[in-house]
Each structure stands twice: as structure tokens, then as C-alpha cells.
Amino acid sequence: MRIAVSGSIATDHLMTFPGRFADQLVADQLHTISLSFLVDQLDVRRGGVAPNICFGMGQLGIRPILVGAAGSDFEEYRAWLDRHGVDTHSVHISEVLHTARFVCTTDADHNQLGSFYTGAMSEARLIELQTVAERVGGLDLVLIGADDPEAMIRHTEECRTRGIPFAADFSQQIARMDGENIRLLMEGATYLFNNEYEAGLIESKTGWTAEEILTKVGTRVTTLGSNGVRIERVGEPDIEVGVPEEKVKADPTGVGDAFRAGFLAGLAWGVDLERAAQVGCMLATLVIETVGTQEYELHRSPFMDRFTKAYGHDAAAEVRQHLL
């Protein structure tokens, strides 16, 4: 099964300021701020929803196709993804813009000052999915994740026109989208991914009820945080899957991307939706135990031991044959 994952490609530059921002602010001079903070730590992390998902799929033995736009500074990131089983040949490289970047400084009170540079992400709208499909011999599913809004609309329209199944996954972009665009991006999707808050926002902005949304998409997958995931389909009983016990909560960033990676890997293996969701929840647990979205390691034996403990021997036997 050939799965393409489109979405943002970015790097995060995270800095730590040992003092307090509040101590550096003068109340009657806030209209003319000019400050420089001497930081004592810089952490550069790979990010972007599409590479995060692709990395997880690669860890599970799937070779996903990354679709997105980056700058000429992408080569080191590309080498990392190539080494971890991701097909990066369909990444558009801008001739003039840098890869999208989030720069953030956090003080001792965990207050943050950050900026997001979209950069090359704005050129994702230039990507033609048909070209990607021809290169790899066809596409069985395209996940359309948070990206340049025009790119998301173009990919969705192309999937509908060419009859390519697609998954709608607005995530961070849903806040800036109006109801018309959300309806456009969602209708006809084979899968709709959202969390509980996004589910309510989608219904509020589109004016569609939960029941009406199910008639527009094939399968709705709603992540519920520590309560796991719920899968809904018209005329079928809901599927609810819990999460495995976590060893520690190190960093929640990227957990949703990891779930999608595991779920899509399950689809590629041909297992049912419940089993795919279980794989997604297990992978998400590894990410929440690790600082960084692509810093975890998947070792087959410990992964299967924990999967067996969470979901039982029959489920593990089905998944094990694909991991091995």
C-alpha cells in the first residue's frame, strides 16, 4: 500500500533563558521594547507534521512518501529521514526560501516568546500529486495534514478529481480556517482525523452535526488524550481503544503525529481499524516518554512486550508478524 503524507516540514529552535522575562520589562516602556536575552541552552529539533508522521511509519517498517516544501537547508534533515525509511524524493525545494522554522525562548517561569517563519512551506501549493503518483506507481492513500492552506485545498481537490483516497487532518490549521474551507477539505475524505476539541470546532464552524459529518467522510478518528481514541462509521458500532501504561510523561509534543503514523502503518499492513488504532496508541506512548518528536527508538521486542500487556496475545500475534 503506497501512502503519501503531505504537510508542514519545519525545524524547531528552542532556547532557554535562565531568568524571568517579567523582570526585564518596564511597565511604562512596553510600547518601545528592545530587548536581547542571553540564553544558556539551544536545542534544535526536527519537526513538521508530515516528517513526524513519516518518521514513525518508517520505524514500523513502512516506506511512506513525504510530500511538502522545504529550503536548500533541508539536506541534513533529508539524510536523517532517508536513513529512517522515508521516501523524500517528492519534497519540493525552494530556490529562494528557507525551510519553515519555529524559534522560541522559554524563561524560568515557563513563559515563552516565539516566532514561526513559514518560509518554503508557502511553495507547497506548487506540488502536483499526479507527478508523485506517477513516480511511485500510484497512490493508495494521501494524508493531507496541516500545511500551507492553499496547498491543502489543492491536494484535496486533486485527490477528489483523480479518485485518490485521502485523509483530512487539519490539526493546527483549523483555527484559521472558516467553515467553507473546512467543508471543502473534509467532504469525500476516506478518513477524518481530529482530537476532541477540534471535533467541536469543526462542527461549530461548518454548521454540520456529528451525524452529518459522518455522512460526508468514511471514517472519523477522534483522539481522546489519555482516554485513547474513538473510531466512528455510519451504521457501525463505535470502536474505542485505550492507551498503554506510560512510564513517564516527558513531552507531549508530537503524540498525535505518532498516533497517525501507527494507524497508517496498520492500514498499510491490512489489519482492521481497531488493531491499527492500537498500534497508533502504542507508538504515541513511546513519543510521550521522549523529549522531541523524532528522538524515540522502536525496539521490536520491548515494543511487542508492552503491546501484548496492553492489548492481549491475540492482538500481539497479528501485529508481530508485520513487525518482524
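Description of the structure in this document. Source: prediction; values computed, not measured.

1. Structural notes on the overall build of the chain
Alright, step 1. Secondary structure assignment for the chain yields 11 helices and 13 strands.
Alright, step 2. Here the C-alpha radius of gyration of the chain, 20 Å, is about what a compact globule of 324 residues would show, namely 20 Å.
Alright, step 3. Within the chain, the proportion of its 324 residues that are buried is 52%.
Alright, step 4. Within the chain, contacts between residues at least 6 apart in sequence are counted, and of these 65% link residues at least 24 apart.
Alright, step 5. Element-wise, carbon and sulfur atoms account for 48% of the exposed surface of the chain, whose accessible area totals about 15000 Å².
Alright, step 6. Distance from the positive charge centre (28 side chains) to the negative charge centre (47 side chains) of the chain: 3 Å.

2. Looking at the pairing of strand 4 (residues 65-70)
Alright, step 1. When you tally the buried positions in strand 4, you get 6 out of 6 residues, the bulk of the element.
Alright, step 2. Burial along strand 4 is two-sided: Ile65, Val67 and Ala69 and Leu66, Gly68 and Ala70, pointing in opposite directions, are all buried.
Alright, step 3. Taken together, the 3 bridges between strand 1 (residues 3-6) and strand 4 define a ladder with parallel strand orientation. Bridge pairing in strand 4 links alanine 4 to isoleucine 65.
Alright, step 4. The pairing of strand 4 with strand 5 (residues 91-93) spans 3 bridges and is parallel. When the sheet's bridge partners are listed, alanine 69 is paired in strand 5 with histidine 92.
Alright, step 5. The handedness of the strand 4 to strand 5 crossover, carried by helix 2 (residues 75-83), is right-handed.

3. Focus: a nonpolar patch on the surface
Alright, step 1. Taken together, Leu25, Leu30, Ile33 and Leu35 make up a surface patch of nonpolar side chains, about 360 Å² in accessible area.
Alright, step 2. In this structure leucine 30 comes out as partly exposed when scored by relative accessible area, which is 47%.

4. Brief notes about helix 9 (residues 273-288)
Alright, step 1. The end-to-end C-alpha distance of helix 9, which contains 16 residues, comes to 22 Å, matching closely the 22 Å that a straight helix rising 1.5 Å per residue would cover.
Alright, step 2. One side-chain oxygen of the residue at the start of helix 9 lies 3.3 Å from the amide nitrogen of glutamate 274, identifying that residue as aspartate 272.

5. Quick notes on the pattern of salt bridges
Should the charged atoms of two oppositely charged side chains come close, the side chains can pair.
Alright, step 1. Taken as a whole and assessed by the stated rule, the structure comprises 20 salt bridges.
Alright, step 2. Between arginine 20 and aspartate 109 there is a salt bridge, with its nearest N and O atoms 2.6 Å apart. Here arginine 20 is found in the loop between strand 2 (10-16) and strand 3 (41-47), whereas its partner aspartate 109 is found in the loop between strand 6 (100-106) and strand 7 (112-117), with 89 residues between them in sequence.
Alright, step 3. The partly exposed category is assigned to arginine 20, whose relative accessible area is 35%.
Alright, step 4. Across the salt bridge formed by arginine 220 and glutamate 203, the nearest N and O atoms sit 3.1 Å from each other. Taken together, the residues arginine 220 in strand 11 (residues 219-223) and glutamate 203 in helix 6 (residues 196-206) connect sequence positions 17 residues apart.
Alright, step 5. Take arginine 220: its relative accessible area is 2%, and that puts it in the buried class.
Alright, step 6. The exposure class of glutamate 203 is partly exposed, given its relative accessible area of 26%.

6. Looking at the packing of aromatic side chains
Alright, step 1. Taken as a whole and assessed by the stated rule, the structure comprises 11 aromatic pairs.
Alright, step 2. Where phenylalanine 74 meets tyrosine 77, the ring centres are 5.5 Å apart and the plane angle is 55°; that geometry is what we call tilted.
Alright, step 3. Judged by relative accessible area, which is 5%, tyrosine 77 ranks as buried.
Alright, step 4. An aromatic cluster of at least three residues, connected via ring pairs, comprises Tyr191, Phe193, Phe259 and Phe263.

7. Concerning the side chain of serine 90
Alright, step 1. For serine 90, the position within the fold is in the loop between helix 2 and strand 5.
Alright, step 2. Accessibility expressed as a relative area gives 11% for serine 90, which makes it buried.
Alright, step 3. A distance of 3.0 Å separates the side chain of serine 90 from the side chain of arginine 135, its partner in a polar contact.

8. Remarks on the sheet that holds strand 2
Alright, step 1. What the 4 strands build is an open sheet, ordered 3-2-6-7; its pairing is mixed. In this open sheet, the two edge strands, each paired with only one partner strand, are strand 3 and strand 7. The sheet shows a mean angle of 15° between the axes of neighbouring strands, taken without regard to direction.
Alright, step 2. Taken together, the 6 bridges between strand 6 and strand 7 define a ladder with antiparallel strand orientation. Within the sheet, the bridge partner assigned to threonine 105 lies in strand 7 and is leucine 113.

9. Observations regarding the environment of methionine 121
Alright, step 1. Tracing the backbone through its elements, the reader meets methionine 121 in the loop between strand 7 and helix 3 (129-136).
Alright, step 2. A relative accessible area of 8% means that methionine 121 is categorised as buried.
Alright, step 3. Along the backbone, methionine 121 and aspartate 147 are 26 residues apart, and their C-alpha atoms lie at a distance of 7.0 Å.
Alright, step 4. For methionine 121, the residues in contact, after removing those within four places along its chain, are Ser8, Ala69, Ala100, Phe116, Asp147 and Asp148.

10. Points about helix 8 (residues 255-269)
Alright, step 1. Its 15 residues place the ends of helix 8 21 Å apart at the C-alpha level, agreeing with the 21 Å of an ideal helix rising 1.5 Å per residue.
Alright, step 2. Here helix 8 lies mainly inside the structure; 12 of its 15 residues are buried.
Alright, step 3. Regarding helix 8, the residues found buried are Asp257, Ala258, Phe259, Arg260, Ala261, Gly262, Phe263, Leu264, Ala265, Gly266, Leu267 and Trp269.
Alright, step 4. Of the residues trailing helix 8, glycine 270 is marked for its positive phi of about 90°.

Cut-offs and rules
Residues numbered from 1 in each chain as written. Predicted model: local features only at pLDDT ≥ 70, side-chain atom pairs only at ≥ 80, totals over all residues. Heavy atoms only, no water. Helix = DSSP H or I, 4+ residues; strand = E, 2+ residues; numbered from the N terminus. Rg over C-alpha atoms; globule rule 2.2 N^0.38 Å. Buried < 20%, exposed > 50% of the residue type's maximum accessible area, 1.4 Å probe, protein only. Contact = heavy atoms within 4.5 Å. Areas by Shrake-Rupley, 256 points an atom, 1.4 Å probe, with all protein chains shown as cover. Lys, Arg positive; Asp, Glu negative; His and termini not counted. Charge placed at Lys NZ, Arg CZ, Asp CG, Glu CD. Pairing = 2+ DSSP bridges. Right-handed = clockwise from strand over helix to strand, strands pointing away. Patch = residues over 30% accessible without salt bridge, like charges linked within 9 Å, V, L, I, M, F, W, Y side chains within 5 Å. Salt bridge = Lys/Arg side-chain N within 4 Å of Asp/Glu carboxyl O. Expected span 1.5 Å × (residues − 1). Polar contact = N/O pair within 3.5 Å; in protein donor to acceptor, adjacent residues only side chain to side chain. Phe/Tyr/Trp six-rings, centres within 6.5 Å; stacked < 30°, edge-to-face > 60°. Axes fitted to C-alpha atoms, helices over the stretch in contact; angles between N-to-C directions.

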